[in-house]
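The residues making up each chain are set out below.
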Amino acid sequence: MSADMLSAFVDSAERHHATVHRVAPEEVTATIARLVEAPAVGVALPWGLDLPEAVATDPTPADLDAAETGVTAARLAIADYGSVVLESDAAGSEAVSLFPERHVAVVRAGDVVPGMREAIERLGDRLRDGASAVLATGPSATADMGDLVIGAHGPRAVEIVLVEEAEEMDGHDSGPDSEEDSRE
């Protein structure tokens, strides 16, 4: 993973109406706390990262129906497409990512791959063994009936929290003044 590939991922994701927040691991919980609209549901994050208290885990169907925000980890991100890959799991990551109006996806910079070929190389064995995954590129959208409609079959807004280790952040300031996205 290179700085150019991360920049390509950010550019692609933002072309597809997602917002990318490049942060250090210690900033993840606070960043998610700023991004969620209550009520929020989520799936416990791997990699030793924590969800903010405002995000309820183990949601019931009623919780999912009422939620404004869903927070999940993404297994991979694909730079060429600006997509995040959400694997199906027992915790319900797919449902948490699809039902609420806002999806917050957390992905490690080290899990950004250049293209679909590399994504399939990393996921292929699990998918051939019966696992499933959703490739999500920006908010849900359709133009089936004419004008583009955002949020027709899934979230209206997608926020991607891109977690970078210190060595990955060279040349990118994630301090409080620049906290937000690469868009600003």
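First, a word on what this report is: a plain description of the structure on this page. (Residues numbered from 1 in each chain as written. Predicted model: local features only at pLDDT ≥ 70, side-chain atom pairs only at ≥ 80, totals over all residues. Heavy atoms only, no water.)

Regarding the overall build of the chain
Part 1 of the reasoning: In terms of regular secondary structure, the chain is built from five helices and 12 strands.
Part 2 of the reasoning: The proportion of buried residues among the 184 residues of the chain is 47%.
Part 3 of the reasoning: Restricting the contact set of the chain to residue pairs at least 6 apart, pairs at least 24 apart contribute 73%.
Part 4 of the reasoning: When the accessible surface of the chain is totalled, it reaches about 9200 Å², and 49% of it is carbon and sulfur. (Helix = DSSP H or I, 4+ residues; strand = E, 2+ residues; numbered from the N terminus. Buried < 20%, exposed > 50% of the residue type's maximum accessible area, 1.4 Å probe, protein only. Contact = heavy atoms within 4.5 Å. Areas by Shrake-Rupley, 256 points an atom, 1.4 Å probe, with all protein chains shown as cover.)

Description of the nonpolar core
Part 1 of the reasoning: Within the largest apolar cluster, 20 residues are counted, with the highest numbers of intra-cluster contacts made by Phe-9, Val-84, Val-112, Ile-160 and Leu-162.
Part 2 of the reasoning: Every element with two or more residues in this core is listed here: helix 1 (3-15), strand 1 (18-23), strand 6 (83-87), strand 7 (102-108) and strand 12 (157-163).
Part 3 of the reasoning: Broken down by element, this core gets its largest block of residues, five residues, from helix 1.
Part 4 of the reasoning: When near neighbours in sequence (up to four residues on either side) are disregarded, Leu-162 contacts Leu-6, Phe-9, Val-10, Val-20, His-21, Arg-22, Val-23, Val-107, Arg-108, Ala-109 and Val-112.
Part 5 of the reasoning: With 16 residues, the next largest nonpolar core counts Ile-32, Leu-45, Leu-51 and Val-161 among its residues. (Core = buried A, V, L, I, M, F, W, Y, C linked by side-chain atoms within 4.5 Å.)

Quick word on helix 1
Part 1 of the reasoning: Relative to the 18 Å expected for 13 residues at 1.5 Å per residue, helix 1 spans 18 Å between its end C-alpha atoms, a close match to the ideal helical length.
Part 2 of the reasoning: Taken as a whole, helix 1 has its buried residues at Met-5, Leu-6, Phe-9, Val-10, Ser-12, Ala-13 and Glu-14.
Part 3 of the reasoning: Following helix 1 by one or two positions, His-17 has its phi on the positive side, about 70°. (Expected span 1.5 Å × (residues − 1).)

Quick notes on unusual backbone geometry
Part 1 of the reasoning: For the bond from Ala-38 to Pro-39, the omega torsion is -5°, close enough to zero to count as cis.
Part 2 of the reasoning: Considering the arrangement of structural elements, one finds Pro-39 in the loop between helix 2 (28-35) and strand 2 (40-42).

A short note on the sheet that holds strand 6
Part 1 of the reasoning: Spatially, four strands are ordered 8-5-6-9 in an open sheet, and the strand pairing comes out mixed. Each edge of the sheet is formed by a strand with only one pairing partner; in this case those strands are strand 8 (112-113) and strand 9 (133-136).
Part 2 of the reasoning: Along the sheet, helix 5 (residues 116-128) makes contact with strand 5 (76-78), strand 6, strand 8 and strand 9, crossing strand 5 at roughly 150°. (Pairing = 2+ DSSP bridges. Axes fitted to C-alpha atoms, helices over the stretch in contact; angles between N-to-C directions.)

Some points on the pairing of strand 12
Moving residue by residue along a regular strand, the side chains alternate between the two faces of the sheet.
Part 1 of the reasoning: Counting buried positions along strand 12 gives six out of seven residues, so the element sits mostly inside the fold.
Part 2 of the reasoning: Examined bridge by bridge, strand 1 and strand 12 share six bridges and lie parallel to one another. Across the sheet, Val-23 pairs through a bridge with Val-163, a residue of strand 12.
Part 3 of the reasoning: Of the pairings in the sheet, the one linking strand 7 to strand 12 comprises seven bridges and is parallel in character.

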